[in-house]
Every structure is written in structure tokens, then in C-alpha cells.
There are 2 protein chains.
Amino acid sequence: MFTMKKEEKESKKVEKENTDQLKAEIKALRGRLMAQQQAVREKGLPIIVLVEGWAAAGKGSLINELISEIDPRNYNVTSPVITPEAESRYPFLYPYARAIPENGKIMFYDSGWMEDCVRKYLHRDITKEEYKKRVRAVNEFERQLRDGGYILLKLFVDISEKEQRKRIAALRESFETEWRVSLDDMWQMHEYKLFRDEYENFMDKTGKVIPWHPVDGSKRTLAARDALKLLVEQIDRALEEGRYVGKPFKENFPLLKMPKLAEVDLSPSLTDEEYKKELKKLQSHLHELHNVIYRKKIPVILCYEGWDAAGKGGNIRRIARPLDPRGFDVMPIASPEPHEKNRQYLWRFWTRLPRSGHVCIFDRTWYGRVMVERLEGFCAEDDWKRAYNEINEFERQLTDWGAVVLKFWIHIDQDTQLQRFTDRQNTPEKAWKLTEEDWRNREKWPQYEEAIDEMLEKTSTENAPWFIIESNDKKYARIKALRIVIDALEKACEERLA
Amino acid sequence: MFTMKKEEKESKKVEKENTDQLKAEIKALRGRLMAQQQAVREKGLPIIVLVEGWAAAGKGSLINELISEIDPRNYNVTSPVITPEAESRYPFLYPYARAIPENGKIMFYDSGWMEDCVRKYLHRDITKEEYKKRVRAVNEFERQLRDGGYILLKLFVDISEKEQRKRIAALRESFETEWRVSLDDMWQMHEYKLFRDEYENFMDKTGKVIPWHPVDGSKRTLAARDALKLLVEQIDRALEEGRYVGKPFKENFPLLKMPKLAEVDLSPSLTDEEYKKELKKLQSHLHELHNVIYRKKIPVILCYEGWDAAGKGGNIRRIARPLDPRGFDVMPIASPEPHEKNRQYLWRFWTRLPRSGHVCIFDRTWYGRVMVERLEGFCAEDDWKRAYNEINEFERQLTDWGAVVLKFWIHIDQDTQLQRFTDRQNTPEKAWKLTEEDWRNREKWPQYEEAIDEMLEKTSTENAPWFIIESNDKKYARIKALRIVIDALEKACEERLA
């Protein structure tokens, strides 16, 4: 069981120390932090400092102490607003994932996912079951950051019940500061013990991957000294050891059995007549379903991957056609921009998630990690090997949030690809779709096939399944994808309350 | 006076035409649009299609018709949510400016700044005076986009009062569609004539720079044909004529008289003792003011420009120190990233604006346009010459929103710079702050001085003034900047209601 007793006792001892000595220590630590900045930038080390703690514990002041000697170009402070559950249209980790720093920068979170989880749970905004899922998601999120080379320092600024009462009373006395005390804060003050138990429980449950560091908030300088020391030491260690690359690991996900690509029968086809009739019927059905999706606020995420020239674009357009454009987005995923490459690889997908009730169609996805990034050596071997599980975790977080997640592999054979490439080459309006890279990728067909087989095997989960769409006949492929989407959405609409 | 009568009559005639012919026309136009895509991408042409119009006029369907043959990688649809005035914490153009497309892409706005202005005005959320300011801002915004090379097609989907009543009634009949009709829509239906007058008035006032194109929404295919035709023709014209670069122009802004840099007396200084005493006093005062700013929801934008090694960073830190970190951000501005360079140059500042009640300190700013971009040839001559007025307009939009905008030129002489450069070179912890570029820039001191003098002369407005901060003595500079900030914030706090 996690407990703060020991640290409290220790810090009490320290408190008696001479204040001047404390100030000198702080100054020295700040100097070291200032000196570390250059190396942090050069080595592209991303640093997250999560400052959680009691209302009125002085989280803001502490951050101010930490940043005072850091060049403004090297850090940012984010205060994610805890949105009432009923108003939030995104997964609960969304605001925190959005805010992660890029390489070489420090991001301070002025409270974050801990407060969000604990407060919502104690307010009964979320059930015990949901709370557990969130705790799991937090552990996954933190581990993924660490494994992606992030330094993650988690501080909990602790004050006693008596101290909190005193500070809240002081804040409420002045007109200029009373607005700082929210009703939530008052409630916490009256339920101090309830919160202490839950904070400790949360730290217990989330302290195994990345440890928590309680900081005594009863004296500002003391807290500053302790936090600075932790930060400076962690940075020193990271600079010495070099950027961390997490090892692959295996977790149990409920995997669906997938066939090897070579086993897939690509002969199915439709006549023009069958196609037109079905297309019209299915699109009209999808159009109606979109209304229900919107009304029931179900987020829908459709993932398209496939061989070059397999017909992804046309397939996507047939799905998009009957949707109300104010309720869907197509997200084309190209190679990452510098500001994207400078962050954990899932960041550019976190930031593109749809609001609940909206449909997002990803034209290529996070699976680039285990295909092109693997084969072109854009990431380390451990990185893509770890990614199977990281992606399964990410997708489970999405379905836990309530999303329908469907993944399509648009499949053709090599002959068909060659025929379509040649056709593109010979048709001026289509020529732009064909690049040198497409030809190069084609040469690596066997390596890609191996990678895709492994991907399908390891990431087709019950909650976020893969579907192989036979697309030698594009008409057949479009109808098949439409049917799968409709089936899944119908099921979701039946299961959910309005 | 703007009127839709003529177009309505014309389209009535067309309506009688054979539907099959219409469909063939649409198909042909879609083919042309499909073919244009490649050139649009290659030439990096950014295209905005604004689709405004009546509730239930079929804006969404129309957009769907327009996008049906466009590759999903080439377009996006945005539906900016019209936030109730009381909840909005950003300038009213903010959501629209955020969404502008990058070069080579098309962005469809599913209603936008017109609806936002007209509805808020008719709801009496904003005064007549504010409405006028917004109309002016819209004209400025649209012109700036056009002058920055954007194609801007503005459509108004028109239906008659009778038609609207019919459609709204139909939507309300089904459980699956009734939620689509908002109270606002009902109100519009009952006040059709009031809205028609105001729509026409708005189009009249904003149709001179970029014309409005009314589209008859009574028949879906007809609207699609007309809109497609307009879009295809505009793209053709732009592809033929090449990317437009707007000409510089002169507008009257209430300019403050600024001294030439060469005239500035750089001798003022403070003793350590004076400095420490003042610093403590002023910082404590600023700390208190920050509470008021926060409570009164006043946005504060502090702009820092200055010579390399003038002491911007240290000056900023002295301002930031007493602020609550959850209420301010320092935005370091480096050279633009690719996704920033691919958009109108003010975009990366629009997207960094603070929420109301927050302080944003820009460490370098949009003035890069008339300094480094001018001198290094990163933009055309017309671009930077036009920028003085564009920037004045942008800043007036910020102060119209309620922001306090203060701009500091941190000033030193050449000898002091050399001394500080040498000092940095000889101090290992500071060496990272000095780059080759700093030395190169130093060689161009005279050209920079000329550019800066021109900038100070042309952009120091009453609402967003420049202050030259003598920084040969950094202590003096810090105290001066603090005093200016405090004075301005005190004034703002006195003037504003809570």
C-alpha cells in the first residue's frame, strides 16, 4: 500500500534546516537546470513534469519555482481543463496526449490525468468499472511515453487537512482570490479523508511503471528544493544513459484468427448491375444510420490500409458519399511533418481523433509503424516490435471510450497492381497518383507481405478487428466494406442508449 | 443594394431544363474538377469554399455533391461551431482562421463567419457597433487571404420562405431527423424576412472585395451544377493566371510618432539596489493584477522583438515570474515549420492566441514578416510591403476583441551586442545561445535598422503601441517593461466590467 507517511516525516526534519541554506541549495539546483538545457535540446530529450496534488497545495507556485530559470523557448505549462463528463466528446486522455512536448522541450502539467480520474470517480461521474479501465489506460499511456524516450516525473504536492483548510480560508477572504476556490475545492476540503484514500489508491495503482514522488507542500521553498532536485537528477541520469528505447513485451489481447494474405481468394466480383443496385441500397441505409450515430454520439473510426493502387481512395469515397459532411472527416496520413516526428508516434493520431458522434476515416493509419517505418528503418527494431501491443492498447482505449473501430486491408495481387500502375502511367489525369516511391515499394512486395501478415496476426482484436477486403474487383470491395460498416454501426446503435 | 432576384429568375428558367442534361453537365464538371486536382496540388493553390445559406437549404448536401469526386487527400470540410457569445474565449474569426487550408488543398466551410455575424447580431448577442467592426474584420480577413494567394469562393444557398417551412416540417416529422432542427432554426423560420434583410445587408457590405454567389437551393442538382461550375471556373482562372500576390495599400491607422533607433539614448541604468527594490515591488503588483485580469477575462498579448543578445529572454522571465503559470504562456517563435509555411503567414499566430483572461508572451512575433522575411527574401516585396497594414488590421481585430496588446523593441547598440556575443562565446553554459546566424545577422545591422525604423513608424498604433526598451542596462530594461505592462493592465482593469 502506498503511503506518504515516511516522506512527510523526513521533510519535517528538513524543514527545521536553515532557510538560507535552502535558498542556496535552490539557487545551485536552478543553475544546474539552466546548464542542462543545452544538452536537453541537443539530445532532443522530451520531458514531462506532472504536478498533481491537493487544491490550494501550491501546484502553480511550485511550477513557477521550477521554470524561473528555464529559457521560455524550452518549456511550456499546460493546465488541461477538467471537462464535466457529460460535455466531453473525446477520450479522457485526449487533452493530456495532445499536450505532450516535442523532443528537447519540457512540458509542465498543472494537474492532469490523476486529478481527472480521481475527481470524476469520487463525483460518481464514472463507474468503478470505468475507473479501473482508466487506471489501466494511464499505466499504458505512461509506459508508452517512457518507452518512446520521454522522461516522466510525477509529483504529488501534499498538504495536511489543517493546512488545506487554512489556505482555502485565506483565499476566500479576499475578493481578488476567492474565485480561485471552486465548489469542487470546497467539497474536497470537506471530504479530505475520502480524497486522501483515493489519491493514495491511485498512486498505488499507477506507481509501478513510473514512480510517484510526493512533495511536501507545506513550505514553498522546501517543495521547490525537493522538486528541483528530483528534476535535475532525472535529467542528469537520462543525459548519461542516453535516450531510452523500450523493449518489446507481450500482453494478452483477445486476438481474432486471420488468414495469411497468400491464402486469400481474390476472385470474388460483382456485375455492374449488382453493384449499382447494392450500392444505392447500402448508401441510403448508411445515410440513415449516420443520423443515429450522430444522435447517440457514437464515435466511429474507420482505418484504411492497403497496397498502392488497391483502390483505397475510391472505396473511401463510396463510404463518405452518403455521410453528412458536417459529421465526418477523411484524414489522409502522409509521412510525418517535423513537429510530428518530434513526438511519440501516436501523437499525430491522438490529435486527429473525431469528436463523439462523428466519423473519422483514416486514409492510412498508425499501422505505418509496423509497415513502412519497420521496412525503411525509420524506427528501431524494438520500436516496431513494441508497437503491436502499444497499438492494441491505444485501440482498446478508443473502444473503451465508446468508439466503433474497424480496420480494412484493401487487398489485390501483384498482377493487378502492375496493371493499375501501367494504366495510371498512361492516363494523364491519373498520372499524379503514381510516384517513384510506388514502384520502389512494389519491389519490396515480399517483405511487405511478411510485415502485413504479422500485423494482421498480432493486431486483429475483438474490439478493433481487421477485415481483408478483396479488391481485384473494386466494385466487390466497395460493397463488402459498406456492408461491414453498416453491420457494425447497426450493432452499435442497437446496444447504446440515446 | 445587393439582391438575389435576378439570379433567382435565371435559375427558375434553368430548372425547366431536362434533368438528364443537368446530370450530364454535373458529371462533366466533376470530371474537370477531378482533373484540376493535380495542378492544384502541384502549384500549391489553397482554396476556400465558404457555403453559407438558410437553415435546411441543403448546405451539407451541396458540399457532398462538390466533394464526391475529389480525392480525400485533397480536401477537408469544417463545420465551425457557433459558440454562444458568453462562452467564447477567442476572437470571433478565430475558428475560421484556424481552419484555413494549406497550399494545394481545398477547405469547405459548412457555414462560417457570415452566419456567425448575422445570427449573433439578430440575437442581440452583439451590439450594432460590434457588428460593424466584425463586418470590417471580415473584409480584412478575406482580402488578406486573397492577397496571400488563396482562392475564396463564397456561396449563399438560397431558398424561399415557403420552401424552408416545408423542409423544416419534413425534418421534424421523423424521430431520426428532428434533432437536426435547432431552436435557432425555428426562430429563423419565424423571422424569415428579418433574416433575409440582414443576409442581404451582410452580403452587400462584404461583397466588394470577394463577391458573393447566390445559389438556388430549391433543387439539389441545380445547386450542385451551379456551384461546381463556379468552382471549376475559378480554379481554371487561377491556374491560368498563377498565384496572386496582393499589392501593398495604404489605410489610415492612428499612428503614434516613434523616434528613429539612432536617436534613442541608451545610457539609462539602475543600481543593483534600485533594481532589486523596484523589481520586488512591481512583481508583487503584477501578481495581484493577474488575478484581476483572470477574473475580468481580459486577454493580454505581449510582443517581444529586439536585437540578438538584447536580453529578451531575461526580460520575459521577469514578467513571467509573478504570473500564475496556469494563466500565461510564452510562445517562442522560430522559423516556420512546413505546415506553417504552407499557409497564410498570420495563421501560426492566430492558432497561438491566448484564451481571454490569459496572458500570452510572444518571444518574436508576426513582425518577422517585415524584418527577417523582408531582408532574407523569404517573401515577395509586395508581401512585406502589404504586411504593415495587414498587421495593423490583425492587431485591431485583437484589440476589438478586448485584448491588451503591447509591443516591445528591446534595444541595444552594436558595441553592447559584440560584448555580449563574446561573453556568450566564452561561457560554456551560455554558448548554445549563440549561433552562426547571430553573427550573420549582426553583419546586416544597418539593413535591419532601416527595416526596424520603418516597422516602428508604420505599426505603432494607439491600440497596439510599440515601446522601445533601452537595454544596454538589462536591469533598467526589465523595470521599464514591467512598469509599462502594469500601467496598461491597471488601465484595462479599471475600464472593464467584471
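Residues numbered from 1 in each chain as written. Chains lettered and ligands numbered in written order. Predicted model: local features only at pLDDT ≥ 70, side-chain atom pairs only at ≥ 80, totals over all residues.

Caption draft 1: The arrangement of the interface of chain A and chain B in detail. In this complex, chain A contributes 41 residues to the contact, which on the side of chain B involves 41 residues. Grouping the constituent residues of the side of chain A that touches chain B by class yields 16 nonpolar, 10 polar and 15 charged. (Contact = placed C-beta atoms within 7 Å. Nonpolar A, V, L, I, M, F, W, Y, C, P; charged D, E, K, R; others polar.)

Caption draft 2: Examining helix α19 (residues 445-459) of chain B more closely. With 15 residues, α19(B) extends 21 Å from end C-alpha to end C-alpha; this agrees with the ideal 21 Å at 1.5 Å per step. The secondary structure elements touched by the buried residues of α19(B) are α16 (381-401), β9 (404-411) and β10 (466-470) of chain B. (Helix = DSSP H or I, 4+ residues; strand = E, 2+ residues; numbered from the N terminus. Expected span 1.5 Å × (residues − 1).)

Caption draft 3: Here's a closer look at helix α12 (residues 312-320) of chain B. Turning to α12(B), its buried residues are Lys312(B), Asn315(B), Ile316(B), Arg318(B), Ile319(B) and Ala320(B). Those residues of α12(B) hidden inside the fold are in contact with α11 (272-295), β6 (300-306), β7 (328-332), β8 (359-363), β9 and α20 (474-495) of chain B. (Buried ≥ 20, exposed ≤ 12 C-beta atoms within 10 Å, placed from the backbone.)

Caption draft 4: Fine view of the pairing of β6(B). All names here are of chain B. The element β6 is extensively covered by neighbouring structure, given that 7 of its 7 residues are classed as buried. Alternating positions in β6 separate into two faces, Val300, Leu302, Tyr304 and Gly306 on one and Ile301, Cys303 and Glu305 on the other, with burial throughout. Across 5 bridges, β6 lies against β8 in parallel orientation. Considered in β8, the bridge of Leu302 is made with Ile361. As paired strands, β6 and β9 are joined by 7 bridges and run parallel to one another. (Pairing = 2+ DSSP bridges.)

Caption draft 5: Representation of the relation of the copies chain A and chain B within the structure. Superposition of chain A onto chain B requires a rotation of 180° combined with a translation of 0.0 Å along the rotation axis, giving an RMSD of 0.0 Å. Here the two chains are linked by the operation of a two-fold rotation axis. Both copies contact each other with a shared surface, as 100% of the interface residues of chain A are interface residues in chain B too. (Least-squares fit on C-alpha atoms with pLDDT ≥ 70 in both.)

Caption draft 6: Examining the domain arrangement of chain A more closely. Residues and elements named next belong to chain A. Assigned domains within chain A: domain 1 (5-241) and domain 2 (261-495). Listed by partner, the interface residues are 18 residues for domain 1 and 17 residues for domain 2. Secondary structure elements with two or more residues in the side of domain 1 that touches domain 2: α4 (94-98) and α6 (128-147). Considering each element in turn, the side of domain 1 that touches domain 2 owes the most residues, 6 residues, to α6. Its residues assigned to classes, the side of domain 1 that touches domain 2 shows 9 nonpolar, 3 polar and 6 charged. (Domains from an automatic or database assignment.)

Caption draft 7: Seen up close, the sheet that holds β7(B). All names here are of chain B. Strand order across the open sheet formed by 5 strands is β7-β8-β6-β9-β10, with parallel pairing between neighbours. The two strands at the open ends of the sheet, each matched to only one other strand, are β7 and β10. Each neighbouring strand pair of the sheet contributes to a mean axis angle of 20°, computed without reference to strand direction. Across the sheet, α20 is in contact with β6, β9 and β10; its angle to β9 comes to roughly 170°. (Axes fitted to C-alpha atoms, helices over the stretch in contact; angles between N-to-C directions.)

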